[in-house]
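Remarks on the overall topology
Each chain, letter by letter, is given below.
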Amino acid sequence: MEKTIEEIEDEIVDEFTVFEEWMDKYEYIIELGKNLPAMDEKYKTDNRKVSGCQSQVWLNTNFENGKVIYEADSDAIITKGLVGLLVRVLSNRKPQDIINAKLDFINKIGMKEHLSPNRANGLVSMIKHMKDDASSFLNKNNNQN
Amino acid sequence: MNNFDVEKIRLDFPILQTGINGKPLVYFDNAATTQKPKVVIDTLVKYYSETNSNVHRGVHFLSEKATNAYEASRKTVQKFINAKKSEEIIFVRGTTEAINLITNTYGSKYIKENDEIIISTLEHHSNIVPWQMLCEKTGAKLKVIPINSKGEIIFEQYEKLISTKTRFVSVAYISNSLGTINPVKKIIELAHAHNIPIMLDGAQAIQHTKIDVQDLDCDFFAFSGHKIYGPTGIGILYGKENLLDSIPPYQGGGDMIKNVTFEKTTYNDLPYKFEAGTPNIAGSIGLASALNYVSDLGIENIAKYEHSLLEYGTQNLNEIDNMKIIGNANEKASVISFLVGNTHPYDIGTLLDQLGIAVRTGVHCTEPLMKFFNIPGTVRASFAFYNTKDEIDILIKGVKRASRMLL
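Source: prediction; values computed, not measured.

Residues and elements named next belong to chain B. Its domain assignment divides chain B into domain 1 (6-30 + 298-406) and domain 2 (42-296). Taking the mean C-alpha position of each, domain 1 and domain 2 sit 28 Å from one another. Among the secondary structure elements, those contributing two or more residues to the side of domain 1 that touches domain 2 are helix H11 (299-318), strand E14 (335-340), helix H13 (367-373) and strand E17 (378-382). When residues in the side of domain 1 that touches domain 2 are grouped by element, the largest group, 5 residues, is from H11.

On to the pairing of E14 of chain B. Residues and elements named next belong to chain B. Burial analysis of E14 places 6 of its 6 residues in the buried class, the great majority of the element. Taking every second residue as pointing to the same face, both faces of E14 are buried, with Val335, Ser337 and Leu339 on one and Ile336, Phe338 and Val340 on the other. Sheet topology places E14 next to E17; 4 bridges connect them, and they run antiparallel. Considered in E17, the bridge of Phe338 is made with Val379.

We now examine the pairing of strand E8 (residues 198-201) of chain B. The side chains of a regular strand alternate, first on one face of the sheet and then on the other. Residue and element names in this part refer to chain B. Burial of the side chains of E8 extends over both faces: Ile198 and Leu200 are buried on one face and Met199 and Asp201 on the other. Inspection of the sheet shows strand E7 (residues 166-172) paired to E8 by 4 bridges, in the parallel sense. Within E8, the position partnered with Val169 by the bridge is Ile198. Both E8 and strand E9 (residues 220-224) contribute to a ladder of 3 bridges, which runs parallel. Looking at the pairing, Asp201 lines up with Ala222 of E9.

Quick look at the interface of chain B and chain A now. Between chain B and chain A, the residue contacts involve 12 residues of the former and 13 residues of the latter. For the side of chain B that touches chain A, the elements supplying multiple residues, two or more each, are helix H12 (345-354), strand E16 (360-362) and helix H14 (389-406) of chain B. Counting residues per element, the side of chain B that touches chain A draws most heavily on H12 of chain B, which supplies 5 residues. When its residues are assigned to classes, the side of chain B that touches chain A shows 6 nonpolar, 5 polar and 1 charged.

Now for the nonpolar core. Counting 141 residues, the largest nonpolar core has Met126 of chain A together with Ile236 of chain B as the members making the most contacts within it. Here this core gets 9 residues from one element, more than from any other, and that element is helix H10 (residues 281-297) of chain B. In this structure, this core is formed jointly by two domains, domain 1 (6-30 + 298-406) and domain 2 (42-296) of chain B, each of which donates at least three residues. Those residues in contact with Ile236 of chain B that sit more than four places away from it in its chain are Val77, Ile89, Ile90, Phe91, Val92, Ala98, Ala222 and Phe223 of chain B.

Now for the sheet that holds strand E10 (residues 235-239) of chain B. Residues and elements named next belong to chain B. Read across the sheet, 7 strands follow the order E4-E10-E9-E8-E7-E5-E6 without closing on themselves; strand pairing throughout is mixed. On the outer flanks of this sheet lie strand E4 (89-92) and strand E6 (141-145), each paired with one strand and no other. On average, adjacent strands in this sheet sit at an angle of 20 degrees to one another, irrespective of strand direction. By the bridge criterion, 5 bridges tie E9 to E10 in an arrangement that is antiparallel. Of the residues in E10, the one forming a bridge with Phe221 is Tyr238.

Let us look at unusual backbone geometry. With omega at -5 degrees, the peptide bond leading from Leu270 of chain B into Pro271 of chain B counts as cis. The topology assignment puts Pro271 of chain B in the loop between strand E12 (265-267) and H10. Despite not being glycine, Leu103 of chain A shows a phi value in the positive range, around 60 degrees. Within the secondary structure layout, Leu103 of chain A lies in the loop between helix H4 (95-100) and helix H5 (105-108). A count of 18 C-beta atoms within 10 Å places Leu103 of chain A in the partly exposed class. The phi dihedral of Asn195 of chain B falls on the positive side, at around 60 degrees, and the residue is not glycine. In this structure, Asn195 of chain B sits in the loop between helix H7 (184-193) and E8.

Conventions and cut-offs
- Residues numbered from 1 in each chain as written.
- Chains lettered and ligands numbered in written order.
- Predicted model: local features only at pLDDT ≥ 70, side-chain atom pairs only at ≥ 80, totals over all residues.
- Domains from an automatic or database assignment.
- Helix = DSSP H or I, 4+ residues; strand = E, 2+ residues; numbered from the N terminus.
- Buried ≥ 20, exposed ≤ 12 C-beta atoms within 10 Å, placed from the backbone.
- Pairing = 2+ DSSP bridges.
- Contact = placed C-beta atoms within 7 Å.
- Nonpolar A, V, L, I, M, F, W, Y, C, P; charged D, E, K, R; others polar.
- Core = buried A, V, L, I, M, F, W, Y, C linked by C-beta atoms within 7 Å.
- Axes fitted to C-alpha atoms, helices over the stretch in contact; angles between N-to-C directions.

This is how it looks when you write it as structure tokens:
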């Protein structure tokens, strides 16, 4: 059976528990950032940009078979690694599950400070956009039914 | 430097004894704001404990005491920048408010449609946006002095920009992003040769170099208290008396008036004309205390010591692989903006933070300047007199470690 959002979150938290040093943690996130496929430049348009003034994030959302598919990218590699984790947790999910997701794992892996609005790295607005996209998909679907 | 005992000076700053992420704090974000010596902190506590009262209003003992302290602070500022009169010293919130005051008052009286205002590519947003707002309101035009790849104003281009339509020049003394020290005396002389008044944004200069507004002969000069080891929320607008007299008030309210009737209000004399409402009394006294602290150390000694940090930092950073220092002006204050390879400043800054090193990353409120260099921002290390070469060594190690992780 397909894993739930919470199960994936737990999986990520588990992966991070092996790191005792902050450096290892960041090395892992940097690795994730490097491995996340770059978004096609043609999608990096202003309407897909969820900008912070420190680093930029692009989010491309599609809807397939009742599920929301996210693709994301950032110009900063640490942000990109974190963006990759969010995509891993939320992409290919039902809209309602995305809207309900608490995303506690970010706190649990010790990356909460990256979600502070002062960081201006685009992550906070990215989560908001992901949820907004899921909501608008849900509303559109409800109206059609 | 023998006569500059940094270790002793560091003890004056309580925050420098603290740790970040389990490591001793290395504070290299001094261009954003400076730390406060204990004497400034004590002054604020003492003011609120023993003096607090409103100024210029009461006949009672405390009001008199507060007023005297407030006006004594004005005199301290006057002396510090060598203004002719204390009436030329206006207490404001900071550099930003000082510039907005000028665009709103001088601007509304003297700037008309198709007039031209000159700024430079190096400006902080606070010396761009208020002028743009004025241009939108009046139909005036903004002209921007170009810079070269070292981050220096191209003087000949400035000369060419001056025309019969030019009504005002407003430039930074020192660039907050790059540390470039502009040839302000020459810039002022040229403006005056064409009878154009000029304002200096001194936010990054006041803490690094001797300011003598009479010698500079600038018409307006602005700075913020928190950049020179004083409290936040207090700053100074200096203006030549005849100019300040000729322009309308900024905000209306208490203290800035002589007489009020519902038919007509007459305004107070300088400097009160520009100080509506209860001012930042504690802040002004804290600022005076900070200026006294700096005077005791000696601004020339500070400049000399900071220059040695700049040279040491520049030389050692340059030895790091893929290091690119942005801004290599011949005349520089102790600010180093840099990038390593194609790493993003945010990534470097995040990793340095984990090491207890506070730097600024991003565009530093100078988007047009970053655009000129075609970069997403920089990592900026800015040094103060309480920083040490040992701390720079920690930065160098940190940058090496971060770039190993990122590249």
